[in-house]
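In case you want the letters, here they are:
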Amino acid sequence: MNNYELQWRFALPVELLNPQQVHVWRADLDVAKSEMEKLLEILSPDEIDRAGRFHFEIDKKRYVTARGILR
């Protein structure tokens, strides 16, 4: 693992985040089915409804993962 990868690997504790800065976060949206199912449980009914309207399963999975991580 190189330094660039390590920089993205760990987040600072909230109390160390400077509110005068912009913080960019990234998350891997390709997660295991079991992880996606856990994230699906915390979505709102509207989010679950929207996820169900995706035509392709990969899009649904990434939407559920992204919304779950945001929560």
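None of the values given here were measured: they were computed from a predicted structure.

> Talk me through the overall build of the protein chain; I want residue IDs and the actual numbers.
Of regular secondary structure, the protein chain possesses four helices and zero strands. Its helices and strands taken in sequence order, the protein chain reads α-α-α-α from the N to the C terminus. Split into buried and exposed, the 71 residues of the protein chain put 14% on the buried side. Here the contacts in the protein chain between residues at least 6 apart in sequence split such that 60% fall between residues at least 24 apart. Looking at the protein chain as shown, the accessible area adds up to about 6,200 Å², and 53% of this sits on carbon and sulfur atoms.

> How would you explain the pattern of salt bridges if you had to name every residue and give the values?
Tallying each qualifying case throughout the model produces four salt bridges. Across the salt bridge formed by Arg 62 and Asp 30, the nearest N and O atoms sit 3.0 Å from each other. One end of the pair, Arg 62, is in helix 4 (residues 57–70); the other, Asp 30, is in the loop between helix 1 (3–9) and helix 2 (33–40), with 32 residues separating them in the sequence. What makes Arg 62 partly exposed here is its relative accessible area of 36%.

> Before we move on, can you summarise the packing of aromatic side chains with the specific residues and values?
This structure, assessed with the given rule, holds one aromatic pair. Judged by centre distance (5.3 Å) and plane angle (40°), the ring pair of Phe 54 and Tyr 63 falls under tilted.

> Explain the packing of helix 3 (residues 45–52) against helix 4 residue by residue, including any values.
Any two packed helices are characterised by the angle at which their axes cross and by the distance between the axes. Interhelical geometry of helix 3 versus helix 4 gives an angle of 160° and a closest axis separation of 9 Å. When the axis of helix 3 is compared with that of helix 4, the two are roughly antiparallel. Viewed along their axes, helix 3 and helix 4 form a crossing whose handedness is right-handed. Residue-level inspection shows Glu 47, Arg 50 and Ala 51 of helix 3 in contact with helix 4, the latter providing Lys 60, Tyr 63, Val 64 and Arg 67. In the contact of helix 3 with helix 4, the residues fall into three nonpolar, no polar and four charged.

The rules behind these values
- Residues numbered from 1 in each chain as written.
- Predicted model: local features only at pLDDT ≥ 70, side-chain atom pairs only at ≥ 80, totals over all residues.
- Heavy atoms only, no water.
- Helix = DSSP H or I, 4+ residues; strand = E, 2+ residues; numbered from the N terminus.
- Buried < 20%, exposed > 50% of the residue type's maximum accessible area, 1.4 Å probe, protein only.
- Contact = heavy atoms within 4.5 Å.
- Areas by Shrake-Rupley, 256 points an atom, 1.4 Å probe, with all protein chains shown as cover.
- Salt bridge = Lys/Arg side-chain N within 4 Å of Asp/Glu carboxyl O.
- Phe/Tyr/Trp six-rings, centres within 6.5 Å; stacked < 30°, edge-to-face > 60°.
- Axes fitted to C-alpha atoms, helices over the stretch in contact; angles between N-to-C directions.
- Parallel < 35°, antiparallel > 145°, perpendicular 65-115°, else oblique.
- Left-handed = near helix turned anticlockwise from the far one by under 90°.
- Nonpolar A, V, L, I, M, F, W, Y, C, P; charged D, E, K, R; others polar.

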